[in-house]
Amino acid sequence: MIPRPELLRDLSSSFELTPSPTVSGDFIASVRTALAGLDPLPGDNGEIDVRRDPSLGEEAYRLTVGSRGVEIVAGGPAGAFYAAQSLRQLLPPASYRFSPGAAWPVRGVRIEDAPRFAWRGLHFDVARHFFPKREVLRLIDLMAVHKLNRLHLHLADDQGWRVESRAYPLLHEVASHRPRTAVNHHREPEAYDEVPHGGYYTLDDLAEMAAYARSRHVTIVPEIDVPGHASAILAAYPEFGATGERHDVLDRWGISPAILSPLPKTVEFLTAIFDELIGALGETPYVHIGGDEVVLDRWAASPEITAYRESLGLGSVAELQAHFLRRLADVLAERGARAVVWDEAFVSGELRKDTIVMPWRGMNVGRRAAAAGHDVVATPVFPLYFDYAEAGSPDEPMAIGDAITVADVAAFEPAPADWSDEERARVIGVQAQLWTERVPDPRTADYRMWPRACALAEVAWAGRSRDGFDDRLAGHLARLDALGVEYRPAAGPHPWQRRRPHRPSAVRVTEVMARIDAMTHDAESTRPSI
């Protein structure tokens, strides 16, 4: 099973789950959703009986399979849902296929389980390359199978804006597409495909995705990355930029100096965007506001922005960036949402205490954020950036660098043992990132994400990979096959998965980590790191 439960004990008896099994008791809807492929029906005295135990945590459960049927005891709907996902993994892999009228043997077991971390996340960059709604819904289903519960959608960047805005319609009319896309390798001459690329989610799409996610106990975390990474926004509304000049939606990778103005009118603009997002998504406990890789030169060069900074009594543009992000966090707090930021925002100045920090540049800066009293979601490039190749080989499809393996992910410790108890308690979770500069389509996304995300699921649920992970993963791949996931085989890519060849060793992840960790000690280190 992946993730492996905290306690799993085999029992001597077993049970056969009949077609369209009956589910009775509490939390019936959660169990039926998790087992939808088995067509379970509500009823009395069901083969699957579900009871609530208020002494258990919301996501905790006990699962017993014996000769008389299946008993689930859960602390809440999420616990019942995860118990049903564990039950599903006790069935043969063929049960993940559409099999009407099939009965399935279930071995006798007793399971007691609860997650180590509350935040078990996947980040999906839909800004660099757009992935339509159907792909997001499918990803939510795959996350649910693995008990992952936070989907971080990167909705805005230099290369595209991905959300309808009725308040500012040029965002989806102008900023959501580009005429071409760079296809060259890193540090090689620029080359382009000359193919238009774009797309966006309507507010109705967002509402549907959020409701679908909630039914599977997944929370969508939207990201509008500001004040940098703003080329697409400024292609639509240049008046919100530091200079007022119009930009084009970026067609190449890397970082643009395009930056939003920190003046009050920009905060009003972003407030309207947040209101639209939250209005569509419904209850939104977290909103990511970026704060990373910001080139602040244009703020420093602007007399108007300098005068504004001085009127606030701030001594540097880094302090102004911190003030700007605090103001946005205040806006979100008024709407019941906590701000989430990348670690540059923490380094540049004091944040609201309830702001969550994602230390992508390494766990050393994550430790400093935890010591300062911030909740932390572990997100370091190594080993959690899935846009890196899994091997330094030209057989791999083009990637930003190499290498991050399944074993690297499985060995990760989100709350390191050498941290203090107080610092470890601040680590609320772990999340892998799939940036899509070099992930142009869903098949490549599958290849990059799986099975590394299986290792992530194990670490996020258990706090570490438990005994026998490699053998369990080998068995789990049959489930992914049944689900139609085009994962990377352990032996390397299939011939049709190779595509544009990778350039090995052009960017080594170990060298990247050393460089960006050093940068986290400089308050001016919001400048691009890679």
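Fair warning: this is a prediction, and the values are worked out from it, not measured in the lab.

A. Region of interest: the packing of aromatic side chains. Taken as a whole, this structure holds 15 aromatic pairs when the rule is applied. Aromatic side chains phenylalanine 130 and tyrosine 201 sit 4.8 Å apart centroid to centroid with 45° between the ring planes, which places their arrangement in the tilted category. In this pair, phenylalanine 130 is assigned in the loop between strand S8 (119-125) and helix H3 (133-145) and tyrosine 201 in the loop between strand S13 (197-198) and helix H5 (203-215), connecting sequence segments 71 residues apart. Of the residues examined, phenylalanine 130 reaches a relative accessible area of 14% and is grouped as buried. A residue is classified by how much of its surface remains accessible, and tyrosine 201, at 1% relative accessible area, is buried.

B. Spotlight on the pattern of salt bridges. The final tally for this structure, using the stated rule, is 33 salt bridges. Residue glutamate 423 is joined to arginine 367 by a salt bridge in which the shortest nitrogen-to-oxygen separation is 2.8 Å. Placement of the pair is glutamate 423 in helix H15 (residues 421-425) and arginine 367 in helix H12 (residues 363-371), with a sequence separation of 56 residues.

C. Representation of the environment of aspartate 205. Summarising the element assignment, aspartate 205 is placed in helix H5. Contact partners of aspartate 205, with chain neighbours within four places excluded, come to Lys133 and Tyr200.

D. Focus on the packing of helix H17 (residues 452-462) against helix H18 (residues 469-483). Their axes nearest at 11 Å, the elements H17 and H18 cross at an angle of 125°. Here H18 runs oblique to H17, going by the angle between their axes. Remark: the crossing between H17 and H18 carries right-handed chirality. In contact with Cys454, Ala455 and Glu458 of H17, H18 contributes Phe469, Arg472, Leu473, His476 and Leu480. Each residue belonging to the contact of H17 with H18 can be placed in one class, and the counts come to 5 nonpolar, 1 polar and 2 charged.

E. Summary view of the environment of valine 509. With respect to the helices, strands and loops of the structure, valine 509 is situated in helix H19 (residues 509-519). Measuring from C-alpha to C-alpha, the distance between valine 509 and tyrosine 385 comes to 9.6 Å, with 124 residues separating the pair along the chain. Apart from residues lying up to four places away in sequence, valine 509 is in contact with Val381, Phe382, Tyr388, Asp402, Ala403 and Ile404.

F. Summary view of the side chain of aspartate 446. Positionally, aspartate 446 belongs in helix H16 (residues 442-449). With relative accessibility at 6%, the residue aspartate 446 sits in the buried group. Among the polar contacts listed, one links the side chain of aspartate 446 to the side chain of arginine 138, at a separation of 2.8 Å. When residues no more than four places from it in sequence are discounted, the contact partners of aspartate 446 are Arg138, Gly484, Val485, Glu486 and Tyr487.

G. Fine view of the nonpolar core. Ranked by size, the top nonpolar core spans 134 residues in total, and within it Trp161 and Trp450 carry the most contacts. At 9 residues, the largest contribution of residues to this core is made by helix H7 (residues 264-281). When sequence neighbours within four positions are dropped, the list of residues in contact with tryptophan 450 reads Leu139, Leu142, His146, Leu480, Val485, Tyr487 and Arg488. Counting 32 residues, the second largest nonpolar core, distinct from the first, contains Met1, Ile48, Tyr82 and Ala84.

H. A look at H7. Relative to the 26 Å expected for 18 residues at 1.5 Å per residue, H7 spans 25 Å between its end C-alpha atoms, a close match to the ideal helical length. Every buried residue of H7 is listed here: Thr266, Val267, Phe269, Leu270, Thr271, Ile273, Phe274, Glu276, Leu277, Ile278, Ala280 and Leu281. Phi turns positive one or two residues past the end of H7, at glycine 282, with a value near 80°.

I. Molecular detail of the sheet that holds strand S7 (residues 104-113). One open sheet holds the 7 strands; their spatial order is S1-S7-S5-S6-S4-S2-S3, and the pairing between them is mixed. In the strand order of this sheet, the two ends are held by strand S1 (7-17) and strand S3 (41-42), each with one partner. With 2 bridges joining them, strand S2 (residues 22-25) and S3 adopt parallel strand pairing. For threonine 22, the partnering residue across the bridge sits in S3 and is leucine 41. Relative to strand S5 (residues 61-66), helix H2 (residues 77-90) is tilted by about 35°, and along the sheet it contacts strand S4 (48-52), S5, strand S6 (69-74) and S7.

J. Up close: the pairing of S8. With 7 of 7 residues buried, S8 lies mostly within the body of the structure. Covered by surrounding structure in S8 are Trp119, Gly121, His123 and Asp125 together with Arg120, Leu122 and Phe124, the residues of both alternating faces. With 5 bridges joining them, S8 and strand S9 (residues 150-154) adopt parallel strand pairing. Residue pairing in the sheet places glycine 121 in a bridge with arginine 150 of S9. A crossover links S8 with its parallel partner S9, the connecting element being H3, and its sense is right-handed.

K. Seen up close, the side chain of histidine 129. Relative to the elements of secondary structure, histidine 129 occurs in the loop between S8 and H3. One polar contact links the side chain of histidine 129 to the main-chain carbonyl oxygen of threonine 436, over a distance of 2.7 Å. The residues touching histidine 129, leaving out its near neighbours within four places in the chain, are Arg178, Thr181, His197, Trp253, Thr436, Glu437, Val439 and Pro440.

L. Representation of the packing of H3 against H5 within the structure. In contact at an axis separation of 10 Å, H3 and H5 are set at 10° when each is read in the N-to-C sense. On the basis of their axis angle, the class for H3 and H5 is roughly parallel. The two elements H3 and H5 meet at a crossing, and its hand is right-handed. Note on element contacts: H5 touches H3 through Asp205, Glu208, Met209, Tyr212 and Ala213, opposite Lys133, Val136, Leu137, Ile140 and Asp141.

M. Representation of unusual backbone geometry within the structure. The omega angle of the peptide bond from isoleucine 2 to proline 3 is -5°, so this bond is cis rather than trans. In this structure, the amide linkage connecting aspartate 402 to the following residue, alanine 403, adopts the cis form with an omega of -5°. Here alanine 403 lies in the loop between helix H13 (381-384) and helix H14 (406-410). For phenylalanine 27, which is not a glycine, the phi torsion comes out positive at approximately 55°. For phenylalanine 27, the position within the fold is in the loop between S2 and helix H1 (28-34).

The rules we used
Residues numbered from 1 in each chain as written. Predicted model: local features only at pLDDT ≥ 70, side-chain atom pairs only at ≥ 80, totals over all residues. Heavy atoms only, no water. Phe/Tyr/Trp six-rings, centres within 6.5 Å; stacked < 30°, edge-to-face > 60°. Helix = DSSP H or I, 4+ residues; strand = E, 2+ residues; numbered from the N terminus. Buried < 20%, exposed > 50% of the residue type's maximum accessible area, 1.4 Å probe, protein only. Salt bridge = Lys/Arg side-chain N within 4 Å of Asp/Glu carboxyl O. Contact = heavy atoms within 4.5 Å. Axes fitted to C-alpha atoms, helices over the stretch in contact; angles between N-to-C directions. Parallel < 35°, antiparallel > 145°, perpendicular 65-115°, else oblique. Left-handed = near helix turned anticlockwise from the far one by under 90°. Nonpolar A, V, L, I, M, F, W, Y, C, P; charged D, E, K, R; others polar. Polar contact = N/O pair within 3.5 Å; in protein donor to acceptor, adjacent residues only side chain to side chain. Core = buried A, V, L, I, M, F, W, Y, C linked by side-chain atoms within 4.5 Å. Expected span 1.5 Å × (residues − 1). Pairing = 2+ DSSP bridges. Right-handed = clockwise from strand over helix to strand, strands pointing away.

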